[in-house]
Amino acid sequence: MKIFSTSIIGTFILTIAFFGCKKDEENPTCTQEPGKVDLSFTHLVGTESFAFNTDYTDDFGNKYQFFRADWYLRVSGFVDQDSNPQIVSDSYYLKIDPSVTTVNYGEYSPMTLYNLQWAVGVDSVTNHMDPNIHELGSALGNQSPSMHWGWSSGYIFCALDGRVDINGNGNYDPGELFSMHIGMDTTYREGPNLYVNKAIAAGETSVISLDVDYSEFFDGINLAIDNSTHTMDNMHLAQNLANNFEKVLKLH
Amino acid sequence: MLIALFACGENREFLQYEAQDVSANWIKIPDHFPEIDFPEDNLPSKARISLGKQLFYDPILSLDKTVSCASCHIPQYSFSDTLALSSGAHGGIGQRNATALHNVAYVPRFFKDGGIPNLELQIKAPIEDQLEMNYNMHELTIRISRDSAYQRMAREAYGRDMDAFVITRALANFMRTFISGNSRYDLAQEGKYGFTEAEKRGMDLFFGDDAKCSTCHSGFNFTDNSYANNGSHQVYADTGRARITLKHMDHGKFRVPTLRNCEVTGPYMHDGSYRTLNDVLDSYQRGGSGHWNQDPLIEKIVFSNEEKEDLLAFLKTLTDDSFLTNESFRK
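Residues numbered from 1 in each chain as written. Chains lettered and ligands numbered in written order. Predicted model: local features only at pLDDT ≥ 70, side-chain atom pairs only at ≥ 80, totals over all residues. Heavy atoms only, no water.

Caption draft 1: Molecular detail of the packing of aromatic side chains. On inspection of all chains with the given rule, the structure shows 45 aromatic pairs over all chains. With 5.6 Å between their ring centres and 85 degrees between their planes, Tyr72 of chain A and Tyr155 of chain A make a pair best called edge-to-face. Of this pair, Tyr72 of chain A sits in strand β4 (residues 63-79) while Tyr155 of chain A sits in the loop between β8 (111-120) and β9 (156-164); the two residues are 83 residues apart in sequence, bridging distant segments of the chain. Where Phe56 of chain B meets Phe178 of chain B, the ring centres are 5.9 Å apart and the plane angle is 85 degrees; that geometry is what we call edge-to-face. (Phe/Tyr/Trp six-rings, centres within 6.5 Å; stacked < 30°, edge-to-face > 60°. Helix = DSSP H or I, 4+ residues; strand = E, 2+ residues; numbered from the N terminus.)

Below is the structure:
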């Protein structure tokens, strides 16, 4: 809802800027007319589209389903071919779940964006700040279900919950669940830069299309055996998941 | 002063609100207590304290609207309760005894393991704990925003709409008014009360080199706020401070509790496993359980039964009746 209303406002402002520009064609600032950047997400489990309460298979042949998949994406900015910063957006956080499709990343002067820098989780300074200072609806504010432990451990970087057929009898028997709640500063992970190579054109919207592959969170993890961590109570599994964070986001 | 005066002309309305309402003076502290270190964004005001009080007693903060903060933090028990374990413990990290909240304004880190750095941040924990209020700050903010009386109070107190900021700041403000410094022990310091002989002997024991109580339970609030393993258990199911630091050397360490009002805050220790003060003193007399990580200060104390009674009599001088019966804390 919020995303929708923001993009309407964005479009509105841009339209005015465009007309304003046309009226005075000699105005050199016209060339500075910004373009809008959107991030668009496709949610997948392996090659299939993501859906809740739908069967998937892990690397070890175990059948599983999601009923919750929430995580924090930090987009820290863009750098060019020589690693010079093009856009710095240190405090740009998104709470991603499979319902998030398109979000606005702001308006920038025309240029070609090269490498997107990103991370899963919340940086160690922000992670220990009070979530209550953020307004309702902002990514780092209070979420429902909660994405914060309410104590010094800070934000839950990713919360993946669901069912797994542990005994392999084809059913999800009572108690056959997985629950992975990962957080704490030591599980924050930066991903490899994504080479987007996308031009921002004046007055237009450039869409950077990204894939989120939820199966990558469980890469190399046997859900029949390793299926529960709230980080502190199973740091080993939490670290294994965190080490997979860098594979979760890809170019579409 | 001059600056304030000039600024006043600039933006009269805002500064009147600041100047009239928001001041550290709203919280009265005894002369022998240190200054309170208020967070910059949450100085007290009458409106803030009364909003906090309203919230503290309101079960609207729990999912099924049956549990309020005061369900576990009851004024006449110095804002603790009488159960060993509250039906839950904050943060989903195991069951603990509800902590008394007197002088909470001076606590440097919250919870028995010191897991939370400030009072404002602490409040999210009970609200979202499944075993406590089992609710969610986001949902609560939406629910409470629909209440026009709360909206009015929020604007009056913080000049903004009801939100998570207001809920946490107001509750913290109310709790910071829980100042207890008027016990017989305090009165004796001011020469307004004369200790009995037994109390005097007990005090000597408490501050003496044999029992060493005051090495940990020191200062105006009878705690140095450090973490110690006092050998209350042979096996610590709840590893305490180690849960936060993940360090072996912190196994079984808990924040040294204040002993003010300890007459009414039982049962005792992190899990309420000691029913009476007598049980606690028995443990110290034995020299603790001898747990491998027990603090070396905890050693067998050679007490006569009479001396134990004296120590008990001294501990009871820390009870502040005017605090426990203070009407301004009640609903």
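Caption draft 2: Expanded view of the pattern of salt bridges. All names here are of chain B. One pass over the full model with this rule turns up 26 salt bridges over all chains. Residue Arg160 is joined to Asp163 by a salt bridge in which the shortest nitrogen-to-oxygen separation is 2.7 Å. The partly exposed category is assigned to Arg160, whose relative accessible area is 30%. (Salt bridge = Lys/Arg side-chain N within 4 Å of Asp/Glu carboxyl O. Buried < 20%, exposed > 50% of the residue type's maximum accessible area, 1.4 Å probe, protein only.)

Caption draft 3: Representation of helix α8 (residues 148-158) of chain B. Residues and elements named next belong to chain B. Those residues of α8 lying buried are Tyr150, Gln151, Ala154, Ala157 and Tyr158. Buried residues of α8 fall within an arc of 135 degrees about the axis and therefore sit on the same side. Opposite the buried face of α8, by more than 90 degrees, sit the exposed residues Ser148, Arg152 and Glu156. One side-chain oxygen at the N-terminal end of α8 lies 2.9 Å from the backbone nitrogen of Ala149; it belongs to Asp147. Phi turns positive one or two residues past the end of α8, at Gly159, with a value near 65 degrees. (Arc of directions from axis to C-beta. Polar contact = N/O pair within 3.5 Å; in protein donor to acceptor, adjacent residues only side chain to side chain.)

Caption draft 4: The arrangement of the packing of helix α11 (residues 197-207) of chain B against helix α15 (residues 305-316) of chain B in detail. All names here are of chain B. Contact geometry of α11 with α15 gives a least axis separation of 7 Å together with a crossing angle of 95 degrees. In terms of orientation, α11 and α15 fall into the roughly perpendicular class. Only Glu307, Asp310, Leu311, Ala313, Phe314 and Leu315 of α15 make contact with α11, whose side of the interface consists of Ala198, Glu199, Arg201, Gly202, Met203, Leu205, Phe206 and Phe207. In terms of residue class, the contact of α11 with α15 is built from nine nonpolar, one polar and four charged. (Axes fitted to C-alpha atoms, helices over the stretch in contact; angles between N-to-C directions. Parallel < 35°, antiparallel > 145°, perpendicular 65-115°, else oblique. Contact = heavy atoms within 4.5 Å. Nonpolar A, V, L, I, M, F, W, Y, C, P; charged D, E, K, R; others polar.)

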